[in-house]
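Working through the structure, step by step
Here's the letter readout for the chains.
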Amino acid sequence: SFFNDDPFGEVRLTISRRDWQAFRDTADENSYYAADLRWNGITVRNVGVRSRDGDETRHGVKPGLRVDIDRYVSGQEFLGLKAFILKNPSGDPSLLRESVTMKVFARFGMPAPRAAHARLYVNDEYVGVYEIVESIDRTFIARVFGAPEGEVERGGHLFKYERGTPYYLEYLGSSLESYAELFKPQTRETDSMVGLYGPIEELARAIGESTNVRFASEVGEYLDLRAFMKYLAIENFMAEIDGLVGQRGMNTFYLYRFRQSQRSQLIPSDKDNTFSDMDHPIDYHVDTNGLVRRAMAVPELRQVYLDTLVQCAGLAQQPDATDARGWLERELDREASQIAPAVAEDPVFPFSFDRFQTEIEALRQFARTRPLFVKCAVANAKDPSGPQQVCSARTRF
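Residues numbered from 1 in each chain as written. Predicted model: local features only at pLDDT ≥ 70, side-chain atom pairs only at ≥ 80, totals over all residues. Heavy atoms only, no water.

Let's talk about the overall build of the chain
Defined as follows: Note on conventions: DSSP H or I runs of at least 4 residues are helices, E runs of at least 2 residues are strands, and numbering of each starts at the N terminus. Every radius of gyration here is taken over C-alpha atoms, with the globule rule written as 2.2 Å times N^0.38, N being the number of residues. Three exposure classes are used, based on accessible area relative to the maximum for each residue type with a 1.4 Å probe and protein chains only: buried under 20%, partly exposed in between, and exposed over 50%.
The number of helices and strands found in the chain is 11 helices and 11 strands. Over its C-alpha trace the chain gives a radius of gyration of 22 Å, about what one expects of a compact globule, namely 21 Å for 397 residues. Along the first, second and third principal axes, the C-alpha set of the chain runs to 65 × 55 × 35 Å. Split into buried and exposed, the 397 residues of the chain put 54% on the buried side.

Right under this line is the structure:
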């Protein structure tokens, strides 16, 4: 119910004023402070609060927060959660990109963190509208993949991808340290280097060295390729410019490897850069990523990708019994109407309210025209030798 955003809720933190000031003064650090959490009549005492990861959120005016429920009280939970994120709107004036994009992933049965919005009060003072985002951790893994996968000692391996030098899933050689710099373990951190990174090195080797005939079978031992193509299609339908095929290499995902298996699956995170362009190409940067490029050369996998794009368009256009508008536009309007009063009253919202409204209208336009553009582009891709339609959301649709 914490992520059920109807009705629009409130999250309240009580923290010593000295600690709150210190938190804001040192927002670029990971120092924890004790606080009491209240939500919907429930109080949890002595939770840990720190500045959340991400350079763009680390400032003292409106800091992003990570709330660890069991930081000071071992085993303590809040509604079954061990932690959650209070995300500030530093990169998204609409405050909707992440929550709506994660709902699209979930509608396709893909594991994705839940997100909602709330007013945040600290010491009973309104400090602004925030996005509540589910923490991707063992609790999340147990929810989406089953309790055994989330076990501390015998569960699967969860990694957060951390972008440094642009990386495109090319083979970096046999040294496991090269992969350890990119994939940071979030579970089973004390396992051996071979246990943690051996399968990642083998995946990269298979991507780079498998023959065309054996590519799908050999890479498929380490990665669910059909799920991967669906993931990529959802990102590209939503016009993500900082994801798998981003502007500077891969970004914004977690990798989960199932227990008692070498096979992995991707989990999305930080989708603030979706809805970038109504005319975002469906083949955006696909030739830059070694895995994507080779997977697109397998007819069955390419078909999964194109079919998922069309299904995304169908979901976006899906009408309601009482509203002819598509699901995507309706969902944007529903969330925007919920948070608009809180945005208008936000004392430190980093954008003007006019900018917020302008962004919402741009997202509505995306919701109306993106499905038509994508269907047109897919039709061209399916018959590249036939007459090619001119696909432009701005001029044609």
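Let's talk about the packing of helix H10 (residues 327-345) against helix H11 (residues 353-382)
To keep it simple, the criterion reads: Structural elements are reduced to axes, namely lines fitted to C-alpha atoms, with helices fitted over the stretch in contact, and the angle between N-to-C directions of any two is expressed from 0 to 180 degrees. Roughly parallel covers angles under 35 degrees, roughly antiparallel covers those over 145, roughly perpendicular covers 65 to 115, and oblique covers all other angles. The contact criterion used throughout is that any non-hydrogen atoms of two residues lie within 4.5 Å. Residues were grouped as follows: Ala, Val, Leu, Ile, Met, Phe, Trp, Tyr, Cys and Pro as nonpolar; Asp, Glu, Lys and Arg as charged; and all remaining residues, including Gly, as polar.
It is at 10 Å that the axes of H10 and H11 come closest, and there the two elements cross at 175°. Here H10 lies roughly antiparallel to H11, going by the angle between them. Residue-level contacts link Leu 328, Glu 329, Leu 332, Asp 333, Ala 336, Ile 339, Ala 340, Val 343 and Ala 344 of H10 to Phe 353, Phe 356, Ile 360, Leu 363, Arg 364, Phe 366, Ala 367 and Arg 368 of H11. Looking at the contact of H10 with H11 residue by residue, the class counts come to 13 nonpolar, no polar and 4 charged.

With respect to the side chain of Gln 338
Its location among the elements puts Gln 338 in helix H10. Take Gln 338: its relative accessible area is 16%, and that puts it in the buried class.

What about the side chain of Arg 188?
The test is simple: Polar contacts here mean pairs of N or O atoms no more than 3.5 Å apart (in protein, one a potential hydrogen donor and the other a potential acceptor; neighbouring residues in sequence count only if both atoms are side-chain atoms).
One can find Arg 188 in the loop between strand E9 (183-185) and helix H5 (193-209). Within the structure, the side chain of Arg 188 is placed 3.0 Å from the side chain of Asp 191, a separation counted as a polar contact. Not counting the four nearest positions on each side in its chain, Arg 188 is found in contact with Arg 138, Val 152, Glu 153, Arg 154, Gly 155, Gly 156, His 157 and Leu 196.

Considering the pairing of strand E1 (residues 9-14)
This is how it is decided: A pair of strands is considered paired only if DSSP assigns at least 2 bridges between the two.
As paired strands, E1 and strand E6 (residues 115-122) are joined by 5 bridges and run parallel to one another. Along E6, the bridge assignment pairs Gly 9 with Ala 118. Here 3 bridges tie E1 to strand E2 (residues 33-39), and the two strands are oriented antiparallel to one another. For Leu 13, the partnering residue across the bridge sits in E2 and is Leu 37.

Focus on the sheet that holds E1
As summarised here, the arrangement of the 7 strands in space is E1-E2-E3-E4-E5-E7-E6, forming a closed barrel in which the pairing is mixed. The mean inter-strand angle of the sheet, taken between neighbouring strand axes irrespective of direction, is 40°. Sheet analysis places strand E5 (residues 83-87) next to strand E7 (residues 125-134), joined by 4 bridges and oriented antiparallel. When the sheet's bridge partners are listed, Leu 86 is paired in E7 with Ile 132.

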